[in-house]
Amino acid sequence: MRGQGIALEGVLQAQKFDVGQSNPTYHLTTDNQSFVLRRKPPGVLLKSAHAVDREFCVQQALADTDVPVPRMLALCEDDSVIGAMFYVMEHVEGRNIDDPSMPGMAFSNRAAIMTEMNRVLAAIHSVDPDALGLGNFGPPGNYYERQLARWTKQYRASETGEVAAMDALIGWLGANLPPEDGQRTLVHGDFRIDNMLFAPDGPECRAVLDWELSTLGHPYADLAGVIMQWQLPPGPEGRGLAGVNRSALGLPSDTEFVAQYCRRRGIDHISGFGFYVAFAFFRMAAILQGVKRRALDGNASNPDKALRLGSFVPRFAELGLEAAQA
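Residues numbered from 1 in each chain as written. Predicted model: local features only at pLDDT ≥ 70, side-chain atom pairs only at ≥ 80, totals over all residues. Heavy atoms only, no water.

Caption draft 1: Just the overall build of the protein chain, in detail. The secondary structure content of the protein chain amounts to ten helices and ten strands. Relative to a compact globule of 326 residues, whose C-alpha radius of gyration would be 20 Å, the protein chain shows 19 Å and is just as compact. Considered along the principal axes of its C-alpha atoms, the protein chain spans approximately 60 × 45 × 40 Å. Considering the protein chain as a whole, with its 326 residues, one finds that 52% of them fall into the buried category. Excluding contacts between residues fewer than 6 apart, the proportion of contacts in the protein chain whose partners are at least 24 apart in sequence is 68%. Of the roughly 14,800 Å² of accessible surface on the protein chain, a fraction of 51% belongs to carbon and sulfur atoms. Taking the average place of the 30 positive charges on the side chains of the protein chain and the average place of its 38 negative ones, the gap between the two points comes to 2 Å. (Helix = DSSP H or I, 4+ residues; strand = E, 2+ residues; numbered from the N terminus. Rg over C-alpha atoms; globule rule 2.2 N^0.38 Å. Buried < 20%, exposed > 50% of the residue type's maximum accessible area, 1.4 Å probe, protein only. Contact = heavy atoms within 4.5 Å. Areas by Shrake-Rupley, 256 points an atom, 1.4 Å probe, with all protein chains shown as cover. Lys, Arg positive; Asp, Glu negative; His and termini not counted. Charge placed at Lys NZ, Arg CZ, Asp CG, Glu CD.)

Caption draft 2: Molecular detail of unusual backbone geometry. Despite not being glycine, M102 shows a phi value in the positive range, around 50°. Its location among the elements puts M102 in the loop between β6 (95-96) and α2 (107-126). Unlike most non-glycine residues, D210 shows phi in positive territory, near 60°. Checked against the element boundaries, D210 lands in the loop between β9 (205-208) and β10 (215-217). Given the relative accessible area of 24%, D210 is considered partly exposed.

Caption draft 3: Summary view of the sheet that holds strand β2 (residues 25-29). The five strands are arranged β1-β2-β3-β5-β4 in an open sheet whose pairing can be described as antiparallel. Two strands close off the open sheet at either side, each with one partner strand: β1 (13-16) and β4 (72-76). Neighbour-to-neighbour, the strand axes of the sheet open up by a mean angle of 25°, direction not taken into account. Two strands pair when backbone bridges link them, and β2 and strand β3 (residues 34-39) are joined in this way by five bridges, in the antiparallel orientation. Pairing of T25 across the sheet is with R38, part of β3. (Pairing = 2+ DSSP bridges. Axes fitted to C-alpha atoms, helices over the stretch in contact; angles between N-to-C directions.)

Caption draft 4: Broad picture of the nonpolar core. M166, L186, F191, W211, I270, F273 and F282 are the most contacted members of the largest nonpolar core, which has 79 residues in total. Here F273 is in contact with L223, A224, I227 and V258, once residues within four sequence places are set aside. Judged by nonpolar contacts, the second largest core, of nine residues, contains I6, L8, A74 and F86. (Core = buried A, V, L, I, M, F, W, Y, C linked by side-chain atoms within 4.5 Å.)

Caption draft 5: Representation of the sheet that holds β6. Strand order across the open sheet formed by three strands is β6-β8-β9, with antiparallel pairing between neighbours. Pairing within the sheet leaves two strands with one partner each, and these edge strands are β6 and β9. Sheet topology note: the strand β8 (residues 196-198)/β9 ladder contains three bridges and is antiparallel. Bridge pairing in β9 places L197 opposite A207. Set on the sheet, α2 makes contact with β6, β8 and β9; between it and β8 the angle comes to about 130°.

Caption draft 6: The environment of F17, seen in detail. Relative to the elements of secondary structure, F17 occurs in the loop between β1 and β2. The sequence separation of F17 and R95 amounts to 78 residues, and the corresponding C-alpha distance is 15 Å. F17 has contacts with T25, Y26, H27 and V36, leaving out every residue within four places of it along the chain.

Caption draft 7: Here's a closer look at the packing of aromatic side chains. Evaluation of the coordinates by the stated rule reveals 13 aromatic pairs. For the pair F275 and Y276, a centre-to-centre distance of 5.6 Å together with 90° between the ring planes defines the contact as edge-to-face. Per residue, the accessibility class of F275 equals that of Y276, and both read buried. The rings of Y143, Y144, W172, Y220, F273, F275, Y276, F279 and F282 are connected pair by pair, giving a single aromatic cluster. The residue whose ring lies beneath R54 is F137, and the NZ or CZ to ring-centre distance is 3.9 Å. (Phe/Tyr/Trp six-rings, centres within 6.5 Å; stacked < 30°, edge-to-face > 60°. Lys NZ or Arg CZ within 6 Å of the ring centre and 35° of its normal.)

Caption draft 8: Seen up close, the environment of L28. Topologically, L28 is positioned in strand β2. When its relative accessible area of 5% is taken as the criterion, L28 is described as buried. It is 9.7 Å that separates the C-alpha atoms of L28 and E90, two residues lying 62 residues apart in sequence. When residues no more than four places from it in sequence are discounted, the contact partners of L28 are M1, L12, Q13, A14, Q33, S34, F35, L37 and V88.

Caption draft 9: Seen up close, the pattern of salt bridges. Considering all chains together, one arrives at 13 salt bridges under this definition. R192 is the partner of D194 in a salt bridge, and the nearest nitrogen-oxygen pair spans 2.9 Å. For D194, a relative accessible area of 11% puts it in the buried group. A salt bridge links R239 to D194, with the nearest nitrogen and oxygen atoms 2.9 Å apart. Remark: D194 occurs in the loop between β7 (185-187) and β8 and R239 occurs in the loop between α5 (220-230) and α6 (246-249); sequence separation between them is 45 residues. What emerges from the salt-bridge pattern is a single network uniting D190, R192, D194 and R239. (Salt bridge = Lys/Arg side-chain N within 4 Å of Asp/Glu carboxyl O.)

In structure tokens form, the structure reads like this:
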């Protein structure tokens, strides 16, 4: 860090965060300073996974835009320093909300935070990648065709047993790919409320975190990811809104959130939205399968949690099939 021009005062200490199943994350502190380090996990990794260099690149490019991100400080691609590629960024003080129902919060505060979440999502999809130097951040071609191939390959590489619903979902998605509509934007890849930091005393988003899956692609993938998350059970595992009386809590319905997003981006209507939600379930199932495989191989950041998350793969595939018929 000193070699990168980062002035340090006193002894540098590291404490691992419990969050971050994919890339281990650490809180670095000195006597009066605070940083965050994210690194690739140990062990044999799937090709193109755990791309901390891409995380660093996109967040560095987004500085001074309407998308709130931490300030990037240094990227180290030399594995000999700590055993893996890593980057260091500023530590952002803020609230992490891991339950979208926001228990104990006032009605108006919930509504304001959801509005801010919608604003930030639209802001991500409204930046000009070429102007930010991100014109080559993703390959050209049909985004969903490319992503379906990528995540099917990742899923097969980490498969630990046959899941009939997942096989059926992969087949349905391949047979129902939407036509190109000309939209190609920056895509976060895992946009949800628990990947955001909010001001301690207000709805302002201070930082969007976890950009590992970011690329250039189709914006509805992020939007559908939010709606997908809300179909899951409430509580610490599902972190969803299934069965929750949203209007009583000041939370938008799926339709209201999508409509608000469309207004922000000047879109009249999204047809065939069920495909995008089904795809979101498929991709998350593939990600969770990878988490499970790392746990079984002894490379998971939090092995017990990883195995728990991996057990949800069949259910995510089933929900994807349900969304496909919506």
